[in-house]
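Chain residues, written in single-letter form:
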Amino acid sequence: MTDTDAERNPMIMSLFRKKTATEPVYAVYNSIVAQSRRPVFYAQWGVPDTVTGRFDMISLHMALLFRRLRNGPDGSREFSQAVFDLFFKDMDRSLREMGVSDLGVPKKIQKMGNIFFGLLAALNEAMDRNDADALASVLARNVFDGQDTPELRALADYVFARDAELATQPIDAITAGSIRFEAAA
């Protein structure tokens, strides 16, 4: 990783720090993973039921968490970092279980990190403008391999609704391990 990469993606560098996730971090991450595995995304809304599709859904929910915590107190930034670290430790473990070589894992993790940060930046830009078309474009590019599907609008509506729902949840409750995602239809 170059110095420019480290400056652009400081959270990636945290993977090299030795920290253990706390119980609230595990609770929030497990909630994100559980929500990301809801069958509606794959069976009704056409998200590919693949390793990549599942990574995309976890990344999407992680991005929603980061949006909620981005303007919170200092502790929320540390919490975001801890959830991010756990996410990529889990991805590292998953890649190794799938048989990716020890030499291949870091490259794949770096690529996944870049994909995540690209999604986060594009999602923030579209949602900060409350631009449904821009959000649909972000989701098409990141989740549906560039295709504009009829289900795309359902996922975009879901993302806007989850963002609004998360905005009502107190940051201190989230950083204490309690995050709620309304059940997807």
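Each chain has its residues counted from 1, running along the sequence as written. The model is predicted, so local features are restricted to residues of pLDDT at least 70 and side-chain atom pairs to those at 80 or more, both for listing and for counting; the totals for chains, interfaces and linings are taken over all residues. Values shown for side chains rest on all heavy atoms present in the structure; no hydrogens or waters enter the calculation.

Chemist: Before we go on, may I ask you to explain the side chain of Arg162 in this structure?
Modeler: Its place among the elements puts Arg162 in helix α9 (residues 151-167). Contacts: residue pairs with any heavy atoms within 4.5 Å of one another. With residues up to four places along the chain from it excluded, the contact list for Arg162 reads Leu64, Phe181 and Glu182. Going along the chain from the N terminus, every DSSP run of H or I of four or more residues is numbered as a helix, and every run of E of two or more is numbered as a strand.

Chemist: Would you mind showing me how to read the pattern of salt bridges here?
Modeler: Where charged atoms from two side chains of opposite charge approach closely, those side chains can pair. The term salt bridge refers to a pairing of a side-chain nitrogen on Lys or Arg with a carboxyl oxygen on Asp or Glu at a separation within 4 Å. By the definition in use, this model includes eight salt bridges. Linking Arg70 and Asp128 is a salt bridge whose minimum nitrogen-to-oxygen distance equals 2.6 Å. Placement of Arg70 in the loop between α5 (51-69) and α6 (74-97) and of Asp128 in helix α7 (residues 104-128) is noted, with a sequence separation of 58 residues between them. Burial here depends on accessible area, computed with a 1.4 Å probe over protein chains only, as a share of the maximum for the residue type. Under 20% is buried, over 50% is exposed, and the range in between is partly exposed. A relative accessible area of 38% places Arg70 in the partly exposed class. The shortest N-O distance in the salt bridge between Glu125 and Arg129 comes to 3.0 Å.

Chemist: What is the right way to read the nonpolar core from this model?
Modeler: Across soluble globular proteins, nonpolar side chains show a tendency to be buried alongside one another. In this structure, Phe116 and Leu155 are the most contacted members of the largest nonpolar core, which totals 55 residues. Of all the elements in the fold, those that place two or more residues in this core are α3 (23-36), α4 (39-44), α5, α6, α7, α8 (132-142), α9 and α10 (171-175). In this structure, Phe116 is in contact with Ser59, Met62, Ala63, Phe66, Phe84, Phe87 and Phe88, ignoring residues within four places of it in sequence. Note on terminology: a nonpolar core comprises buried Ala, Val, Leu, Ile, Met, Phe, Trp, Tyr and Cys residues joined through side-chain atoms within 4.5 Å.

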